[in-house]
Structures are given as C-alpha cells and as structure tokens.
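Now for the letters of each chain:
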Amino acid sequence: MKHRNHKPDFKAKVVLEVLREEKSLSEIASKYSINPNLLRRWKTQAIENMALIFEDGNKEIKAIEAEYQGKIDVLYKEIGQLTTELSWLKKKSKLLFE
C-alpha cells in the first residue's frame, strides 16, 4: 500500500471537521479515505500544539527572522562596497583610455 503525504492545510481542514463533532470520526475518515487512527493522531497533535498559536513571539520564528535580516544586511553592505568599487574602476579606466 502506498503511503500518502497530506499537506498541512488538508490536515487542518480535516481536523477542524473532526473537532466540530458534526459527524463521527468514522464518517469523516470514510469521506476522505483516511484511517480513523490517523485522524485521531492528527486531532491529538492539533490539540497538543494549539497553545503554540497563542504564544507571544515564537522563539524559533524570531531566530529565523533575525538570521534572515542579518543575511540581508550583509548583502546590502556587499552591494554598497561593490558599487563603490565599480564606480572607482570606471573612473580609473576612463583615465587610462583617454
């Protein structure tokens, strides 16, 4: 049997349907052709990680943002340096070829 990888947005949609409790877990599993045990696992993971949504400033995201901003700053500095060097070389080449 082929193992399917479900996208996070699909999982969220299905788990929300499970949490609404308008249909049984078996009905939802049948509707999406998913094993009910897998739906239970997704539901458990969603409930366990729900608090992360409300955390003030996820540390991991802030670390990634800081690293990204640092890389941008380095690149802008390098662009400025290269632009200055290019201008200097253009001026020098004009003097040599005049």
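Shown above is the structure to which this text applies.
This is a predicted model, so every value here is computed, not measured. (Residues numbered from 1 in each chain as written. Predicted model: local features only at pLDDT ≥ 70, side-chain atom pairs only at ≥ 80, totals over all residues. Heavy atoms only, no water.)

Let us now look at the side chain of Glu17. Considering the arrangement of structural elements, one finds Glu17 in helix H1 (residues 8-20). The exposure class assigned to Glu17 is buried, which follows from its relative accessible area of 12%. If we skip the residues at most four places from it in the chain, Glu17 touches Lys23, Ile28, Lys31 and Tyr32. (Helix = DSSP H or I, 4+ residues; strand = E, 2+ residues; numbered from the N terminus. Buried < 20%, exposed > 50% of the residue type's maximum accessible area, 1.4 Å probe, protein only. Contact = heavy atoms within 4.5 Å.)

This paragraph deals with the packing of H1 against helix H3 (residues 36-54). Where H1 meets H3, the axes come as close as 10 Å, and the angle between the chain directions of the two elements is 90 degrees. Put simply, H1 runs roughly perpendicular to H3. On the side of H1, the interface is formed by Phe10, Lys11, Val14, Val15, Val18 and Leu19, while H3 contributes Leu39, Trp42, Lys43, Ala46 and Ile47. (Axes fitted to C-alpha atoms, helices over the stretch in contact; angles between N-to-C directions. Parallel < 35°, antiparallel > 145°, perpendicular 65-115°, else oblique.)

We now examine the packing of aromatic side chains. According to the stated counting rule, one finds 2 aromatic pairs in the structure shown. Relative to Tyr32, the ring of Phe10 has its centre 5.5 Å away and its plane inclined at 80 degrees; by these criteria the two rings are edge-to-face. Of the two residues, Phe10 is situated in helix H1 and Tyr32 in helix H2 (residues 25-32); the sequence distance between them amounts to 22 residues. Residue Phe10 is classed as partly exposed on the basis of its relative accessible area of 22%. Judged by relative accessible area, which is 14%, Tyr32 ranks as buried. Ring centres of Phe10 and Trp42 lie 6.3 Å apart, and the angle between their planes is 90 degrees; on these two criteria the pair is classed as edge-to-face. Of this pair, Phe10 sits in helix H1 while Trp42 sits in helix H3, and the two are 32 residues apart along the sequence. What links up through ring pairs into an aromatic cluster is the set Phe10, Tyr32 and Trp42. (Phe/Tyr/Trp six-rings, centres within 6.5 Å; stacked < 30°, edge-to-face > 60°.)

The backbone phi angle of Glu21 is positive, close to 60 degrees, even though this residue is not glycine. Summarising the element assignment, Glu21 is placed in the loop between H1 and H2. Using a relative accessible area of 62% as the deciding quantity, one classes Glu21 as exposed. Backbone geometry at Ser33 places phi at a positive 55 degrees, although glycine is not the residue there. Structurally, Ser33 is set in the loop between H2 and H3. The class for Ser33 is exposed, based on a relative accessible area of 54%.

Further remarks concern the nonpolar core. Within the largest apolar cluster, 10 residues are counted, these being Val14, Val15, Val18, Leu25, Ile28, Ala29, Tyr32, Ile34, Leu39 and Trp42. For this core, the elements supplying multiple residues, two or more each, are H1, H2 and H3. No other element matches H2, which puts 4 residues into this core. In this structure, Val18 is in contact with Leu25, Ile28, Leu39 and Lys43, ignoring residues within four places of it in sequence. (Core = buried A, V, L, I, M, F, W, Y, C linked by side-chain atoms within 4.5 Å.)

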